[in-house]
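Chain residues, written in single-letter form:
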Amino acid sequence: MESELVALERFLSSSDAELDDLRRAIDRVRALSPEERRRLLERIVTFRALPESQRAQVRAGWGWVDARDRREWPEYMHALEAEERRSVQSAIEALPPQKRAAYKHALLERWRAQRAAAP
């Protein structure tokens, strides 16, 4: 019960945008298989163990064209089937870091156009 109160207190002081981000993160985790969860956790632990200078380099390699891309990327990935997510992730990881942002942006633009055209 105590942990629930702590969480509730945090949520009550969060903005709607922060709550939306949290919901997307929860939805993303729920969509993962146990193996995908394990691998993601390993990647996070590995990332956090890096010195700050290396973490900054990794973040730069993630690259985003703009803030909208960064916000909508999790929603886009969650909309994909598990196999499609793995395929997109593999394709991104195969690209040189300087080309990743443009690739992600192109995927998002195509997804946005499909959503806009849907009835």
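A brief report on the enclosed structure follows. None of these values were measured; they are calculated from a predicted model.

What follows covers the overall build of the protein chain. On a plain count of helices and strands, the protein chain comes out with seven helices and zero strands. Start at the N end of the protein chain and walk to the C end: the helices and strands fall as α-α-α-α-α-α-α. Each of the three principal axes of the protein chain carries a C-alpha extent, and together these read 45 × 45 × 30 Å. Carbon and sulfur atoms make up 56% of the accessible area of the protein chain, which amounts to about 9000 Å² in all.

Moving on, we come to a nonpolar patch on the surface. Judged by side-chain polarity, Met-1, Leu-5, Leu-8 and Leu-12 come together as a nonpolar surface patch covering roughly 470 Å² of accessible area. With respect to the helices and strands, Leu-5 occurs in helix H1 (residues 2-12). On the basis of relative accessibility, which here comes to 44%, the residue Leu-5 falls in the partly exposed class.

Another aspect to go through is the packing of helix H2 (residues 16-31) against helix H5 (residues 67-79). For any two helices packed against each other, one specifies the inter-axial angle together with the distance between the axes. Closest axis-to-axis distance for the H2/H5 pair is 10 Å, and the angle between their directions is 30°. Here H5 runs roughly parallel to H2, going by the angle between their axes. In this structure, the crossing between H2 and H5 has a hand that is left-handed. From H2, Arg-24, Asp-27, Arg-28 and Ala-31 reach across to H5, where they touch Arg-71, Glu-75 and His-78. Of the residues contributing to the contact of H2 with H5, the split by class is one nonpolar, one polar and five charged.

Parameters at a glance
- Residues numbered from 1 in each chain as written.
- Predicted model: local features only at pLDDT ≥ 70, side-chain atom pairs only at ≥ 80, totals over all residues.
- Heavy atoms only, no water.
- Helix = DSSP H or I, 4+ residues; strand = E, 2+ residues; numbered from the N terminus.
- Areas by Shrake-Rupley, 256 points an atom, 1.4 Å probe, with all protein chains shown as cover.
- Patch = residues over 30% accessible without salt bridge, like charges linked within 9 Å, V, L, I, M, F, W, Y side chains within 5 Å.
- Salt bridge = Lys/Arg side-chain N within 4 Å of Asp/Glu carboxyl O.
- Buried < 20%, exposed > 50% of the residue type's maximum accessible area, 1.4 Å probe, protein only.
- Axes fitted to C-alpha atoms, helices over the stretch in contact; angles between N-to-C directions.
- Parallel < 35°, antiparallel > 145°, perpendicular 65-115°, else oblique.
- Left-handed = near helix turned anticlockwise from the far one by under 90°.
- Contact = heavy atoms within 4.5 Å.
- Nonpolar A, V, L, I, M, F, W, Y, C, P; charged D, E, K, R; others polar.

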